[in-house]
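Working through the structure, step by step
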Amino acid sequence: MRQDEIWDAETAQRYDTPGTGMFAPEVLEPAVDRLARLAGDGRALEFAVGTGRVAVPLSERGVSVAGIELSQPMVDQLRTKVDEATIPVVIGDMATATAPGEYSLVYLVYNTISNLLTQAEQTECFRNAARHLTPGGRFVIELWVPELRKLPPGQQAMVWLCEPGYIGLDTYDVLRQHVISHHFRFDETRQARLSRSPHRYIWPAELDLMAQLAGFELESRHADWAGAAFTAESRSHVSVYRIPPGG
C-alpha cells in the first residue's frame, strides 16, 4: 500500500468528522492551544497538513500557517475551507519537499511521521524540519508508543479498540518495526468497511536519536497536549525538539 493510494479522493471526502473522533473539541483544542503558544509571533509549517484539521483552527488564532502534503485530494478538501492565500500548501513528500520562507515552528501530528516506512525517511524528515526552522525554532511530533508488551509471544495481531460500530486491529512485523492498522466499521447490516494503513513505529529513544542527528535537542515530552506527565504506561507522547538558538 502506497501512501498516495491510501489518501485518495474517497478517503479525503470522508476524512473530516466535525465534532467527533480526532475532530472532537477535547482532542483538537489542547493541540491548537499548545501549538499557538509554541509558534508565538512566528510562522508555522505543518508536515502532512491533510484537510487542515489543525492548520485551519491554528490559522484562525492568528498564526501564519503553511503546509506540505503528499495527497492532492486531501488538499482539495482543505480548499473547501480556506484558500491558498490563507494556508499555502506545497504538494510533496514531507521528508524532502520544501516550503518557501523560514518558520519558528514545524509540527507533525496524529502519528503521521510513522507513515514514512523506513528509518532513513524518518530521519530525513527531521533534517527537512531543521532546514525550515530559524535558530531556536521547534519541531513538534505527536506519536503513539508501540504497545508490544501487550502482544503475546507468537501472536502478530492485537485489537487496540473495540466499540459499537468499530474495531481497530494492528498486525506487527517486529523485525522491520512495521505495523498495519486495520479499521473495521460496520452497522446492523452484514456489510463492513475495511480500511488499512501501514506504519513504521518508532520508540521514543530512537526518535530522540533521529533528532540529534538533525541538530535538535529534546526540550520537553508529555503524554498529551495538555501537559500530562509522560510515564512508562503512556500510550502516546507529544515531543518538542528545538534547534539551539546559536545553531
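Report follows, based on the coordinates.

**So, the overall build of the chain**
A count of helical and extended segments in the chain gives seven helices and eleven strands. A compact globule built from 247 residues should have a C-alpha radius of gyration of about 18 Å, and the chain, at 18 Å, falls within 12% of that. With respect to the three principal axes, the spread of C-alpha positions in the chain is 55 × 40 × 30 Å. Within the chain, the fraction of its 247 residues that count as buried is 49%. Here the contacts in the chain between residues at least 6 apart in sequence split such that 58% fall between residues at least 24 apart. Working note: accessible area of the chain is about 12,200 Å², and carbon and sulfur atoms make up 54% of it. Here the chain carries 23 positive and 32 negative side-chain charges, and the mean point of each set is 3 Å from the other.

**So, the nonpolar core**
If you look at the biggest cluster of nonpolar residues, it comprises 35 residues, and the most contacted ones within it are Phe47, Ile113, Phe126, Phe139 and Phe216. Elements with a contribution of two residues or more to this core: β1 (43-47), β2 (64-69), β4 (103-108), α6 (119-132), β5 (133-144) and α7 (204-213). The leading source of residues in this core is β5, at five residues. Apart from the residues lying within four places of it in its own chain, the contact partners of Phe126 are Ile113, Phe139, Ile141, Leu207, Met210, Ala211, Ala214, Phe216 and Tyr241. Ranked by size, the runner-up nonpolar core spans 27 residues in total, among them Leu38, Ala44, Val75 and Leu105.

**What about the pairing of β5?**
As a general feature of sheets, a regular strand has side chains that alternate between the two faces. Counting buried residues in β5 gives ten out of twelve residues, a clear majority hidden from the surface. Of the strand pairs in this sheet, β4 and β5 are connected by five bridges, and their pairing is parallel. In the strand pairing of β5, Val106 is matched with Phe139.

**Considerations on helix α3 (residues 25-39)**
Given a rise of 1.5 Å per residue, 15 residues ought to cover 21 Å, and the 20 Å separating the end C-alpha atoms of α3 matches this to within 8%. Listing the buried residues of α3 in full gives Leu28, Ala31, Val32, Arg34, Leu35, Ala36, Leu38 and Ala39. Next to the buried residues of α3 lie α4 (55-60), β4, β5, β10 (217-222) and β11 (236-242). In the stretch just after α3, Gly40 is the one whose phi turns positive, near 60 degrees.

So, how was this worked out
- Residues numbered from 1 in each chain as written.
- Predicted model: local features only at pLDDT ≥ 70, side-chain atom pairs only at ≥ 80, totals over all residues.
- Heavy atoms only, no water.
- Helix = DSSP H or I, 4+ residues; strand = E, 2+ residues; numbered from the N terminus.
- Rg over C-alpha atoms; globule rule 2.2 N^0.38 Å.
- Buried < 20%, exposed > 50% of the residue type's maximum accessible area, 1.4 Å probe, protein only.
- Contact = heavy atoms within 4.5 Å.
- Areas by Shrake-Rupley, 256 points an atom, 1.4 Å probe, with all protein chains shown as cover.
- Lys, Arg positive; Asp, Glu negative; His and termini not counted.
- Charge placed at Lys NZ, Arg CZ, Asp CG, Glu CD.
- Core = buried A, V, L, I, M, F, W, Y, C linked by side-chain atoms within 4.5 Å.
- Pairing = 2+ DSSP bridges.
- Expected span 1.5 Å × (residues − 1).

As far as function goes, none of this settles anything; it's purely spatial.
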